[in-house]
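One letter stands for each residue in the lines below.
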Amino acid sequence: MEHNRNNPESNVKIPSAIDLHKRFCAEVKPEKVWLYEVSKCSPQYALRNVRDALDRFFKEPDKGFPKFKKKGQRDSFTVDGSVNVGDRWVQVPRVGKVKTYERLNFGTLKPKSLTISRQADRWFVSFKIEIPITEKREPIKSVGVDLGIKELATLSNGEVIPNLKPLRSALGRLKQLSRSVSRKIQGSASREAAKCKLARFHKRVADLRKDCIHKLTSYLAKNFDVICIEDLNVSGMLKNRKLSRAIAELGLFEFRRQLTYKCQLHGSQLIVISRWFPSSKTCSKCQHEQSMTLTDRVYVCGNCGHTEDRDLNAAKNIEQEEGLRILRLAI
């Protein structure tokens, strides 16, 4: 796109996913005969992902050119079309029926596609299903959410969701397992076993984090009609070397991603306020603004004397002063 803007006469066409698939069938498949043994959906979705990655690169070139996917890391493939699912099995093209550990019960809903992925030494299947959106409830309930390091989230109604900090408690064991892998001979069976053990432990830590975020986002989307959060500059926050590990452990991007699609699913409205709004420095009672440091955990207003927990004060400001104001302007 940048080349076309600088050289209007050249007008180079950027290949679409269909163009890439045509070249794939004409040039790659005849050389790699084993590709005929797998489902046609696998390369099709891979080429769609390539096209999407290139689109993101052209829109935001500062993030860098897409990297090639490495075999053995985040292995997965997607199958669509006629997806046959039984009580405890799924039909995989070219493979046949594969048994599942959990019972599959979708009722009258029919899966559109399925994705099989590997995490550590286990395989998982996820389904894409169309679910009708729940209508908004009456009366409207709103809440402001302030995310933090000490506590995962503080709600404007006074509820506090603790931060489990799974990585901090697992660092010692992770160091032991990583050291065990580095001491094994490359290519040996013992090294592969040690790598698998390390991957299983990493997955356990990640699952604890995702479980906590899933419970919080589901609770917010199901019980509140308007949810107000801040647009946090996560990449900028990670540059603080003293807090980068604790901030990365929170999973702030995953929290917002899950909350976005769950609000659509349950008929709630997500309002993201500006990152420049001084929610922690403003008094929730008289709107007086004063400077605060990270060590100040209690907000004491210098104007009206109002005293309140720092995070609770910020959550109230996010809901009352910004979130609901933006909602009124939109209406």
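Refer to the structure presented above.
Residues numbered from 1 in each chain as written. Predicted model: local features only at pLDDT ≥ 70, side-chain atom pairs only at ≥ 80, totals over all residues. Heavy atoms only, no water.

Draft legend 1. Quick peek at the packing of aromatic side chains. The final tally for this structure, using the stated rule, is four aromatic pairs. Relative to Phe58, the ring of Phe57 has its centre 5.6 Å away and its plane inclined at 50°; by these criteria the two rings are tilted. Residue classification places Phe58 among the partly exposed positions, given a relative accessible area of 28%. On the basis of an interplanar angle of 80° and a centroid distance of 5.2 Å, the ring pair of Phe57 and Phe65 is categorised as edge-to-face. Here Phe65 falls in the exposed class, since its relative accessible area comes to 54%. (Phe/Tyr/Trp six-rings, centres within 6.5 Å; stacked < 30°, edge-to-face > 60°. Buried < 20%, exposed > 50% of the residue type's maximum accessible area, 1.4 Å probe, protein only.)

Draft legend 2. Structural context of the sheet that holds strand S4 (residues 113-119). Overall, antiparallel pairing links the three strands, which are arranged S1-S4-S5 in an open sheet. Edge positions in the sheet fall to strand S1 (76-80) and strand S5 (122-128), since each has one partner strand and no second. When strand polarity is set aside, the average angle formed by the axes of neighbouring strands in this sheet is 20°. Note that S4 and S5 share seven bridges and pair antiparallel. Bridging across to S5, Leu114 finds its partner in Phe127. Running at roughly 110° to S1, helix H3 (residues 41-59) makes contact with S1 and S4 of the sheet. (Pairing = 2+ DSSP bridges. Helix = DSSP H or I, 4+ residues; strand = E, 2+ residues; numbered from the N terminus. Axes fitted to C-alpha atoms, helices over the stretch in contact; angles between N-to-C directions. Contact = heavy atoms within 4.5 Å.)

Draft legend 3. Structural detail: the packing of helix H5 (residues 189-223) against helix H8 (residues 252-266). Running from N to C, H5 and H8 point in directions that differ by 35°, and their axes come no closer than 9 Å. By crossing handedness, the relation of H5 to H8 is classed as right-handed. Here H5 contributes Ile213, His214, Leu216, Thr217, Ser218, Leu220, Ala221 and Lys222 to the contact with H8, which in turn contributes Glu254, Phe255, Gln258, Leu259, Tyr261, Lys262, Cys263 and His266. Classifying every residue of the contact of H5 with H8 by side-chain character gives eight nonpolar, five polar and three charged. (Left-handed = near helix turned anticlockwise from the far one by under 90°. Nonpolar A, V, L, I, M, F, W, Y, C, P; charged D, E, K, R; others polar.)

Draft legend 4. Molecular detail of the layout of surface pockets. Here the second largest pocket defines a volume of roughly 1100 Å³. At the level of elements, strand S6 (142-147), helix H7 (244-250) and helix H9 (310-330) are the ones that each hand at least two residues to the lining of the second largest pocket. Of the residues in the lining of the second largest pocket, the class split is 13 nonpolar, seven polar and 11 charged. (1 Å grid on protein atoms, 1.4 Å probe; cavity = no way out; pocket = protein on both sides within 12 Å on 5 of 7 lines; lining within 4 Å. Points joined across faces, edges and corners; volume = space filled by probe spheres on them.)

Draft legend 5. Here's a closer look at H8. Spanning 15 residues, H8 covers 21 Å between terminal C-alpha atoms, matching the ideal 21 Å at 1.5 Å per step. All of the buried residues in H8 are Leu252, Phe255, Gln258, Leu259, Lys262, Cys263 and His266. Looking down the long axis of H8, one finds its buried residues gathered within 130° of arc, a one-sided arrangement. When the buried face of H8 is taken as reference, the exposed residues oriented beyond 90 degrees from it are Phe253 and Gln264. (Expected span 1.5 Å × (residues − 1). Arc of directions from axis to C-beta.)

Draft legend 6. Layout of the pattern of salt bridges. Tallying each qualifying case throughout the model produces 13 salt bridges. Between Asp311 and Arg297 there is a salt bridge, and its shortest N-O distance comes to 3.1 Å. Here the residue Asp311 occupies a position in helix H9, and Arg297 occupies one in the loop between strand S10 (269-273) and strand S11 (298-300), the gap between them amounting to 14 residues. Take Asp311: its relative accessible area is 10%, and that puts it in the buried class. By relative accessible area, which is 30% here, Arg297 ends up partly exposed. One continuous salt-bridge network, built from bridges that share partners, spans Asp231, Arg256 and Arg275. (Salt bridge = Lys/Arg side-chain N within 4 Å of Asp/Glu carboxyl O.)

Draft legend 7. Looking closely at helix H4 (residues 166-182). End to end, H4 covers 24 Å across 17 residues, agreeing with the expected 24 Å (1.5 Å per residue, within 8%). Here H4 has its buried residues at Pro166, Leu167, Ala170, Leu174, Leu177 and Val181.

Draft legend 8. Highlighting empty space enclosed by the protein. All chains considered together, the criterion is met by one cavity of 30 Å³ or more. Volume-wise, the largest cavity comes out at about 60 Å³. Leu152, Asn163, Leu164, Lys165, Pro166, Leu208, Arg209, Cys212, Ile213, Glu249 and Leu250 are the residues that line the largest cavity. Put simply, the parts of the chain that give the lining of the largest cavity at least two residues each are H5 and H7. If one sorts the elements of the lining of the largest cavity by residue count, H5 sits on top with four residues.

Purely geometric stuff here, so don't read any function into it on its own.
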